[in-house]
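Here is what each chain is made of, one letter per residue.
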Amino acid sequence: MKTAFITGATDGIGKATARKLLSEGWKVVIIGRNPARCESTVTELKAVTRNSEISAIVADLSILNEAGKASDKFLQGNKSLDFLMLNANAIANDRTITTEGFEQNFALGYLSRALMIKKLEDVLKTTPDSHILAVVGLDTVRLDFDDLAINNNFTGRKALGRWQWSMNVFTREFSSGKTIPLNLYMPGLVKTKILANEPQPMRAFVKLMNYLVGISVEQSAENVFNVMNDIVANKRSGACYSWKKERSFPKVEMKPDDQKRLWDLTERLVKPYLQVHRL
Ligand SMILES: NC(=O)c1ccc[n+]([C@@H]2O[C@H](COP(=O)([O-])OP(=O)(O)OC[C@H]3O[C@@H](n4cnc5c(N)ncnc54)[C@H](OP(=O)(O)O)[C@@H]3O)[C@@H](O)[C@H]2O)c1
């Protein structure tokens, strides 16, 4: 039985993908930040898919220590990992510094994902045809290496663009030297709650666009499933997918040493959270 580990699967694209994989006979482990939502998601997905191979780990992934613990909990209960879907996100439009000292969007969207990749690297390596999909949006803003916490002119869109830029650049660097396929996935506009708290007039625009061209979470999960099959069949890595097809990488603003600089920064920032937790 194949095993998937999906972050942010108590709602939206993550939950719909968990449902799709369960109905295809997979075992699925999800992460959510809210215990009650985790429990109700497990109960609901067991009932609708008639597959009881689903469990949840509660973790707030904007806290690296919790992302590390959640990875260790997964490793304690699972000997293989076929598919890691790095999907969780919530756009913080107010500037928040986490208890660990990171800007919240950067911690959730980028640092916890990089940490989970490192923690789960070994089990992925030993599982044939395993791969990682990092879910992102199209917008990118080059990281200001001298102002990681966005002390200057913070906006939620800038914070979102920065972590998505980092995930883009990390994917290129990781794929250049590693054996585990890591690909980016852009779902398109999907009717979920994620953009519901955008400041106006963006909120009204998103509502209109969702009505006109937004796709359902069920359609989105079908797209993810197609992409997963394409990645395994064609052994793709370091590629970018949108909807159900591969597309070219979006243009990102990059200075010559950015890839290496981001890599070194990431190693330094996640290192304190790599210890193994005995749970
Ligand atoms: N929807 C779109 O049009 C669209 C477009 C481009 C990219 N994306 C990307 O697609 C991914 C999925 O988004 P979605 O639209 O499905 O959003 P969603 O419906 O809001 O689902 C997000 C999931 O992430 C979880 N989550 C949020 N913050 C978390 C945290 N700190 N720790 C752990 N889990 C957390 C949420 O938990 P709760 O249930 O507790 O909120 C929820 O399960 C995101 O990475 C998003 O940026 C979406």
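See the structure above.
Residues numbered from 1 in each chain as written. Predicted model: local features only at pLDDT ≥ 70, side-chain atom pairs only at ≥ 80, totals over all residues. Heavy atoms only, no water.

A. A look at the overall build of the protein. In terms of helices and strands, the protein carries eight helices and eight strands. In terms of overall dimensions, the protein is globule-like: its C-alpha atoms have a radius of gyration of 18 Å, near the 19 Å expected for 279 residues. Seen through its C-alpha atoms, the protein measures out along the principal axes to roughly 50 × 45 × 40 Å. Per-residue burial over the protein gives 52% buried out of 279 residues. Considering only intrachain contacts with a sequence separation of at least 6, the fraction spanning at least 24 residues in the protein is 77%. As displayed, the protein offers around 13000 Å² of accessible surface, 50% of which is attributable to carbon and sulfur atoms. Treating the 39 positive side-chain charges of the protein as one cloud and the 30 negative ones as another, the clouds have centres 2 Å apart. (Helix = DSSP H or I, 4+ residues; strand = E, 2+ residues; numbered from the N terminus. Rg over C-alpha atoms; globule rule 2.2 N^0.38 Å. Buried < 20%, exposed > 50% of the residue type's maximum accessible area, 1.4 Å probe, protein only. Contact = heavy atoms within 4.5 Å. Areas by Shrake-Rupley, 256 points an atom, 1.4 Å probe, with all protein chains shown as cover. Lys, Arg positive; Asp, Glu negative; His and termini not counted. Charge placed at Lys NZ, Arg CZ, Asp CG, Glu CD.)

B. Up close: the packing of aromatic side chains. With the rule as written, the count across this model stands at nine aromatic pairs. An angle of 35 degrees between the planes, with centres 5.4 Å apart, marks the rings of Phe106 and Tyr110 as tilted. Of this pair, Phe106 and Tyr110 both sit in helix H4 (residues 104-125), separated by four residues, roughly a single helical turn. For Phe106, a relative accessible area of 4% corresponds to the buried category. When its relative accessible area of 0% is taken as the criterion, Tyr110 is described as buried. Chaining the aromatic ring pairs together yields one cluster made of Phe106, Tyr110, Phe170, Phe174 and Trp263. (Phe/Tyr/Trp six-rings, centres within 6.5 Å; stacked < 30°, edge-to-face > 60°.)

C. Examining the pairing of strand E4 (residues 83-86) more closely. Alternating residues of E4 divide into Phe83 and Met85 and Leu84 and Leu86, and every residue in both groups is buried. Where strand E1 (residues 3-7) meets E4, three bridges bridge the pair, whose relative direction is parallel. Opposite Ile6, over in E4, you have Met85 as the bridge partner. Summarising the sheet, E4 and strand E5 (residues 131-135) pair through four bridges and their orientation is parallel. By the bridge assignment for E5, Met85 is matched with Leu133. In this view, the connection linking E4 to its parallel neighbour E5 by way of H4 has right-handed handedness. (Pairing = 2+ DSSP bridges. Right-handed = clockwise from strand over helix to strand, strands pointing away.)

D. Region of interest: the packing of helix H5 (residues 156-177) against helix H8 (residues 258-270). Running from amino to carboxyl end, H5 crosses H8 at an angle of 100 degrees, the nearest separation of the two axes being 9 Å. Considered as vectors, H5 and H8 are oriented roughly perpendicular to each other. Contact residues: H5 offers Trp165, Ser166, Val169, Phe170, Arg172, Glu173 and Phe174, while H8 offers Asp258, Gln259, Leu262, Trp263 and Thr266. (Axes fitted to C-alpha atoms, helices over the stretch in contact; angles between N-to-C directions. Parallel < 35°, antiparallel > 145°, perpendicular 65-115°, else oblique.)

E. The arrangement of the pattern of salt bridges in detail. Applying the stated criterion across every chain yields a total of 13 salt bridges. Between Arg37 and Asp11 there is a salt bridge, with the nearest N and O atoms lying 2.8 Å from each other. Highlighted residues: Arg37 in helix H2 (residues 35-49) and Asp11 in the loop between E1 and helix H1 (12-23), separated in sequence by 26 residues. The exposure class of Asp11 is partly exposed, given its relative accessible area of 30%. (Salt bridge = Lys/Arg side-chain N within 4 Å of Asp/Glu carboxyl O.)

F. Seen up close, the sheet that holds E1. Spatial strand order, E3-E2-E1-E4-E5-E6-E7-E8: eight strands in an open sheet with mixed pairing. Where the open sheet ends on each side, the last strands, each with one partner, are strand E3 (54-58) and strand E8 (245-247). Ignoring which end each strand starts from, the neighbouring axes of this sheet average 25 degrees apart. Packing of H1 onto the sheet brings it into contact with E1, strand E2 (27-32), E3 and E4, and relative to E1 it is tilted by some 170 degrees. Each of E5 and strand E6 (182-186) touches H5; the most contacted strand, E6, lies at about 150 degrees to it.

G. Quick peek at the environment of Asp82. By secondary structure assignment, the location of Asp82 is in the loop between helix H3 (64-77) and E4. Taking the C-alpha atoms as reference points, Asp82 and Ser130, separated by 48 residues in sequence, lie 4.2 Å from one another. A distance of 2.8 Å separates the side chain of Asp82 from the backbone nitrogen of Thr3, its partner in a polar contact. (Polar contact = N/O pair within 3.5 Å; in protein donor to acceptor, adjacent residues only side chain to side chain.)

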